[in-house]
Amino acid sequence: FLGIGLEHIAPQAARNLDITVIIMDNAVYGLTKGQSSPTTLPGEVTPSTPFGKVEEAMDPLMLYLTMGVSFVASAISTKVKDMSQMMSDAMDHPGFSIVHVQSPCTTYNDTYELLKGSVKKGIEPMAWPISKDHDPSGMDAARALVESTGIPLGLVYKDATRAPFEDRIDEMVTRANPKSAEELIGALSI
């Protein structure tokens, strides 16, 4: 979705189409034997990067904010209740919503320990819960959150002021004052 499918995000964000996208990101193309993906971390050795990935990893949350997605949430697949609630909230949002889920691939790019951390090994968790005092309605606050170190988990951004595409289409049809089929046929009769 963040490679070939990337071109589909911006138009839906601009339309604010009332759909929800759930992205399961394992930071690798696991189904095709572990090639690096847009979110694979630099230096990671994969079949397509045998000497380590050279380019920087994409920041999907910042991308969604930049493209104008009206509901952006971040989750991790090991916290099923939190993830399920975010998915439900996203589906209830009237407009284009994305729930980006960190989902470690245990075969080709196991980022589980990196995301969760390990006290025994002195590894700080890369993923952390968003503070309860975060205001998801503010774009500046959402950007600051995403620009901080690591991966925030929770509701990053929600714009409840933008009407979804379908509502704007209905409004336009009402303004256009369309004629019925009978009126159109009557206008053509001699």
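What counts and what doesn't
Residues numbered from 1 in each chain as written. Predicted model: local features only at pLDDT ≥ 70, side-chain atom pairs only at ≥ 80, totals over all residues. Heavy atoms only, no water. Helix = DSSP H or I, 4+ residues; strand = E, 2+ residues; numbered from the N terminus. Rg over C-alpha atoms; globule rule 2.2 N^0.38 Å. Buried < 20%, exposed > 50% of the residue type's maximum accessible area, 1.4 Å probe, protein only. Patch = residues over 30% accessible without salt bridge, like charges linked within 9 Å, V, L, I, M, F, W, Y side chains within 5 Å. Areas by Shrake-Rupley, 256 points an atom, 1.4 Å probe, with all protein chains shown as cover. Salt bridge = Lys/Arg side-chain N within 4 Å of Asp/Glu carboxyl O. Lys, Arg positive; Asp, Glu negative; His and termini not counted. Charge placed at Lys NZ, Arg CZ, Asp CG, Glu CD. Expected span 1.5 Å × (residues − 1). Pairing = 2+ DSSP bridges. Axes fitted to C-alpha atoms, helices over the stretch in contact; angles between N-to-C directions. Core = buried A, V, L, I, M, F, W, Y, C linked by side-chain atoms within 4.5 Å. Parallel < 35°, antiparallel > 145°, perpendicular 65-115°, else oblique. Left-handed = near helix turned anticlockwise from the far one by under 90°. Contact = heavy atoms within 4.5 Å. Nonpolar A, V, L, I, M, F, W, Y, C, P; charged D, E, K, R; others polar. Right-handed = clockwise from strand over helix to strand, strands pointing away.

Visitor: Explain the overall build of the protein here, please?
Guide: Helix and strand counts for the protein come out as seven helices and five strands. Element order for the protein, N to C, with α for helix and β for strand: α-β-α-β-α-β-α-β-α-β-α-α. A globule of 190 residues ought to have a C-alpha radius of gyration of about 16 Å, yet the protein, at 21 Å, is considerably larger. Judged by the C-alpha coordinates and their principal axes, the protein covers about 85 × 40 × 25 Å. Residues counted as buried form 37% of the 190 residues belonging to the protein.

Visitor: How should I be thinking about a nonpolar patch on the surface in this particular structure?
Guide: Residues I169, M172 and V173 make up a contiguous nonpolar surface patch of about 230 Å² in total accessible area. When you line up the elements, M172 lands in helix α6 (residues 165–176). What makes M172 partly exposed here is its relative accessible area of 42%.

Visitor: Honestly, a negative patch on the surface in this entry has me stumped. Any pointers?
Guide: A cluster of acidic side chains, namely D18, E166, D167 and D170, defines a negative patch on the protein surface. Its place among the elements puts D167 in helix α6. Overall, D167 belongs to the partly exposed group, its relative accessible area being 44%.

Visitor: Explanation requested: α6 in the structure shown.
Guide: Residues spaced three or four apart along an α-helix face the same direction, because each turn holds 3.6 residues. For α6, with 12 residues, the first-to-last C-alpha span of 16 Å sits near the 16 Å given by 1.5 Å per residue. The positive-phi residue at the C-terminal boundary of α6 is N177, with phi of around 50°.

Visitor: Would you explain the sheet that holds strand β5 (residues 151–158) in this entry?
Guide: What links the strands of a sheet is backbone hydrogen bonding, and the strands pair in either a parallel or an antiparallel sense. Here five strands make up an open sheet; going across it, the order is β1-β3-β2-β5-β4 and the pairing mixed. Of all strands in the sheet, those bounded by a partner on one side alone are β1 (20–25) and β4 (127–129). Within the sheet, the average angular offset between the axes of one strand and its neighbour, ignoring direction, is 25°. Taken together, the four bridges between strand β2 (residues 71–76) and β5 define a ladder with antiparallel strand orientation. Note on β5: the bridge partner recorded for V72 is Y157.

Visitor: Just to check I follow, could you spell out the nonpolar core for this structure?
Guide: Nonpolar side chains in soluble globular proteins tend to end up buried together. Counting 20 residues, the largest nonpolar core has I9, Y64, V69, V72, I98 and V156 as its most contacted members. Elements represented by at least two residues in this core include exactly α1 (9–15), β1, α2 (60–67), α5 (139–147) and β5. Looking at this core, the element that brings in the most residues is α2, giving five residues. Judged by nonpolar contacts, the second largest core, of nine residues, contains M86, A90, V99 and V101.

Visitor: What should I look at first to understand the packing of α2 against α5 in this one?
Guide: At their nearest, the axes of α2 and α5 sit 9 Å apart, and the two run at 160° to each other. For the element pair α2 / α5, the angle class is roughly antiparallel. Crossing of α2 over α5 shows left-handed handedness. Between α2 and α5, the residues in contact are L61, M62, L65 and T66 and M139, A142, R143, V146 and E147, respectively. Its residues placed into classes, the contact of α2 with α5 shows six nonpolar, one polar and two charged.

Visitor: I'm lost on the pairing of β5 in this one. Help?
Guide: When a strand is regular, its side chains alternate between the sheet's two faces. With six of eight residues buried, β5 lies mostly within the body of the structure. Of the strand pairs in this sheet, β4 and β5 are connected by three bridges, and their pairing is parallel. Bridge assignment links A127 to a residue of β5, and that residue is I151. Read as a crossover between parallel neighbours, the route from β4 over α5 to β5 is right-handed.

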